[in-house]
Amino acid sequence: MKTQRPDQELTWSWGHRPRSALDRAEAMAPPPPLAASTPLLHGEFGSYPARGPRFALTLTPQALHIQRLRPKPEARPRGGLVLLTEVSGCCTLRSRSPSDSAAYFCIYTYPRGRRGGRRRATRTFRADGAATYEENRTEAQRWATALMCLLRGLPLPGDGEITPELLPKPPRLLLLVNPFGGRGLAWQWCKNHVLPMISEAGLSFNLIQTERQNHARELVQGLNLSEWDGIVTVSGDGLLHEVLNGLLDRPDWEEAVKTPVGILPCGSGNALAGAVNQHGGFEPALGVDLLLNCSLLLCRGGGCPLDLLSVTLASGSRCFSFLSVAWGFVSDVDIQSERFRALGSARFTLGTVLGLATLHTYRGRLSYLPATVEPASPTSAHGLPRAKSELTLAPAPAPPVAHSPLHRSVSDLPLPLPQPALTSPGSPEPLPILSLNGGGPELARDWGGAGDAPLSPDPLLLSPPHSPKAALLSPITEGAPEVPASSGFPPPTTDVSIAASPGGPPDHLLPPLGTPLPPGWVTLEGDFVLILAISPSHLGADLLAAPHARFDDGLVHLFWVRSGISRAALLRLFLAMERGSHFSLGCPQLGYAAARAFRLEPLTPRGVLTVDGEQVEYGPLQAQVHPGLGTLLTGPAGCPRREP
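Per an unreviewed UniProt entry, the chain is named sphingosine kinase, and its organism is Vicugna pacos. Of the chain, the UniProt comment under Subcellular location (unreviewed entry) reads exactly: "Endomembrane system".

Helix and strand content of the chain: 11 helices and 26 strands. Residue burial in the chain is summarised as follows: out of 644 residues, 57% are buried. About 26,700 Å² of surface is accessible on the chain, with carbon and sulfur atoms providing 55% of the total.

For the rest of this paragraph, the subject is the pattern of salt bridges. For the structure shown, the criterion picks out 16 salt bridges. In this structure, D252 and R250 form a salt bridge, with 2.9 Å as the shortest nitrogen-oxygen distance. Assessed through its relative accessible area of 34%, D252 is described here as partly exposed. The residue D552 makes a salt bridge to R550 at a minimum N-O spacing of 3.6 Å. The exposure class of R550 is partly exposed, given its relative accessible area of 43%.

With respect to burial, strand β6 (residues 103-109) is a largely interior element, 7 of its 7 residues being buried. Note that strand β5 (residues 87-95) and β6 share 7 bridges and pair antiparallel. Across the sheet, L93 pairs through a bridge with Y104, a residue of β6. Pairing analysis gives 7 bridges linking β6 to strand β7 (residues 121-127), with the strands arranged antiparallel.

Here we take up the nonpolar core. Counting 68 residues, the largest nonpolar core has L176, I231 and V243 as its most contacted members. Each of domain 2 (172-301) and domain 3 (324-372 + 504-629) gives at least three residues to this core. What V243 contacts, discounting residues up to four positions off in sequence, is L176, A216, V220, I231, T233 and V261.

In the contact formed by helix α3 (residues 186-200) and helix α8 (residues 287-300), the axes pass within 9 Å of each other and the chain directions differ by 25°. Considering their axes alone, α3 and α8 lie roughly parallel with respect to each other. The handedness of the crossing between α3 and α8 is right-handed. Counted together, W189, H193, V194, M197 and I198 of α3 and G287, V288, L291, L292, S295, L296, L298 and C299 of α8 form the full contact between these two elements. Tallied by class, the residues present in the contact of α3 with α8 amount to 10 nonpolar, 3 polar and no charged.

Attention shifts here to α3. For α3, built from 15 residues, the straight-helix expectation of 21 Å at 1.5 Å per residue is met to within 8% by its first-to-last C-alpha distance of 20 Å. Of all the bends in α3, the greatest reaches close to 30° and is centred on V194; the proline P196 follows between one and four positions later. Burial of α3 is extensive: 11 of the 15 residues sit out of reach of the surface. Of all the residues in α3, the buried ones are A186, W187, W189, C190, V194, L195, P196, M197, I198, S199 and E200. Positioned one or two residues after α3, G202 has a phi angle of 80°, which is positive.

This model, assessed by the stated rule, comprises 0 disulfides. There is no disulfide at C91, and the cysteine sulfur nearest it, in C106, is 5.1 Å away. Look at C91 and you get buried, because its relative accessible area is 0%.

This part takes up unusual backbone geometry. You will see that N214, though not glycine, has its phi angle at about 70°, which is positive. One can find N214 in the loop between β9 (204-209) and α4 (215-221). Phi is positive for D612, close to 55°, though the residue is something other than glycine. Mapped onto the elements, D612 comes out in the loop between β24 (609-611) and β25 (614-616).

Turning next to the environment of G638. Position of G638 among the secondary structure elements: in the segment after β26 (621-633). A relative accessible area of 47% means that G638 is categorised as partly exposed. Excluding its chain neighbours within four sequence positions, the residues that come into contact with G638 are H279, G280 and G281.

This part covers the side chain of D307. One can find D307 in strand β12 (residues 303-312). Buried and unpaired, D307 has no salt bridge, with R550 as the nearest side chain of opposite charge at 7.4 Å. At 3.1 Å, the side chain of D307 forms a polar contact with the backbone nitrogen of D553. Of the polar contacts made by the side chain of D307, one reaches the backbone nitrogen of G554; its length is 2.6 Å. Residues contacting D307, with those up to four places away along its chain left out, are S321, F322, F551, D552, D553, G554, L555, V625, H626, P627 and G628.

Right, let's get into the pairing of strand β2 (residues 54-59). β2 sits mainly inside the fold: 6 of its 6 residues count as buried. The two faces of β2 match: R54, A56 and T58 on one face and F55, L57 and L59 on the other face are all buried. By the bridge criterion, 5 bridges tie strand β1 (residues 41-47) to β2 in an arrangement that is antiparallel. Counterpart to F45 in the pairing with β2 is F55. By the bridge criterion, 6 bridges tie β2 to strand β3 (residues 63-70) in an arrangement that is antiparallel. Counterpart to F55 in the pairing with β3 is R68.

The buried count for helix α9 (residues 329-336) comes to 6 of 8 residues, which makes it a mostly enclosed element. Taken together, the buried positions of α9 are occupied by F329, V330, S331, D332, V333 and D334.

You can see P305 is positioned in strand β12. With a relative accessible area of 9%, P305 lands in the buried category. In the structure, P305 is positioned 47 residues away from K258 in sequence and 8.9 Å away in space, judged by C-alpha atoms.

The rules we used
- Residues numbered from 1 in each chain as written.
- Predicted model: local features only at pLDDT ≥ 70, side-chain atom pairs only at ≥ 80, totals over all residues.
- Heavy atoms only, no water.
- UniProt positions renumbered as here; feature names shortened; annotations may be inferred.
- Helix = DSSP H or I, 4+ residues; strand = E, 2+ residues; numbered from the N terminus.
- Buried < 20%, exposed > 50% of the residue type's maximum accessible area, 1.4 Å probe, protein only.
- Areas by Shrake-Rupley, 256 points an atom, 1.4 Å probe, with all protein chains shown as cover.
- Salt bridge = Lys/Arg side-chain N within 4 Å of Asp/Glu carboxyl O.
- Pairing = 2+ DSSP bridges.
- Core = buried A, V, L, I, M, F, W, Y, C linked by side-chain atoms within 4.5 Å.
- Domains from an automatic or database assignment.
- Contact = heavy atoms within 4.5 Å.
- Axes fitted to C-alpha atoms, helices over the stretch in contact; angles between N-to-C directions.
- Parallel < 35°, antiparallel > 145°, perpendicular 65-115°, else oblique.
- Left-handed = near helix turned anticlockwise from the far one by under 90°.
- Nonpolar A, V, L, I, M, F, W, Y, C, P; charged D, E, K, R; others polar.
- Expected span 1.5 Å × (residues − 1).
- Bend = angle between axes of the 7 residues up to and from the residue.
- Disulfide = S-S within 2.5 Å.
- Lys, Arg positive; Asp, Glu negative; His and termini not counted.
- Polar contact = N/O pair within 3.5 Å; in protein donor to acceptor, adjacent residues only side chain to side chain.

Below, the structure is given as structure tokens:
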């Protein structure tokens, strides 16, 4: 087995999906990439309509360079650089006119506008350098295949021919949509943004709308996971919490939890999406811009291990967290702002203002097992607050405190979505006579995404014999979940905020709740405004709580704010957290520690505890990090914003 360097992140692409534990351990990113400016392909193309300008195209590992040749070269080309980080996919096309021997390829892009937001644009180029359509078609497919290989992290042959056979079978995703997410716009955003983009990318999918709490959890418990390359939630953080715990509920949880999971943010709480956005190298974003960024990353494929936190509650039940455990101010705001859910993410702003007005303190005890390796400091100018001087071993133990599954499914092919005519770049004219390359009655219902009825992915870009027709399902159906007949669903769960997960690995670092802690633990006791345990970098889409955190660092990042902090100082902390600079404020009440396990014992009779933003039973709890237990679809890491 290959040895992974400490500074080397474990990743894989859609073309290199690990299928076993050994593959997963060795699934490094593709071989070292070529220099960003290395030309891979170069050629001259026309435009559509044929009377338009001609271009010289150069494809590099990071971008497509476009230079206008006629009518005259531009001194300062506009739109002459298409970054691959802004491309969702491409396809090849042909004209319906028998006399047109040219072939076409179209690129779907989502560049940033002057105001920073992304807008969809298409670039269509005409391959007409040869006398016959077959030769022009081969050239168009060569460019489209090379571009798709770069997008999916697949190596191009050094001296070999670039043909569609280089592309593997399209990955198949299960999309779970909470139509009530955010302000109730999740389904609309999914139809208008998500489905078009992943169709442009050539990804195959089925979609299920959840109808109640824990519906997603029950669905994944009965799935035949071998049929899917990933499960993607289109909602806030809560739906992914259900999916992960559902995977760990299964008898085959050891294999099930390796199923890659992803998130496309359409909820009010989008913390993990904020971390994915940062991991992908994008600027901070909110709303539709954050959704488009995460969708672009999903289209490119790639994932990394995801640490999960096993949380044991006062009753002895256990659940798994990918995000956070909170007590005090953070959990109060999260739960009390539920009544403002119609405001979307603005509910947290209003909840914070109300929470500051009625600021509470809570007496409790926090114990943790320090990490053996300290994480990198989030700021070069200021170190992290530590608790080494507050050492107390083996604290006195606290006594423990004592629907039928229906869904609506949509497949990727017969989507009844609006399809307005496409206009070519810089021209109001429609493109009326382009059809699928080699298309016939078999593919008459294929949809190319984003409303572009004349443009569709070329079936020859799919490795035969994987015909898209094989994935057809009914557009929208009501009935039992689409799972094998032998995989029945468990009985309906009781209506609680978070159900227990009986599966999962044992917590070898934790003694039973109510028993003394082993030596080496650090204990803090006193009055706190908040205690927060977080795994990824973000507490919210715009709250960078742990700038140094990684998805697979094997740590839980503990924060606490002691009593005595003023309302103004607490507000400054959260405002600075938007930039990840809250540690540089030098707030004496703010503390931090990196840990492998912790125990939280509230000594105040009333309060609110949350796991991943969902309220759980109040009382002592403890948790342990299980490094790399899950797999998260993140897209490629650190996508450069500009080509050098």
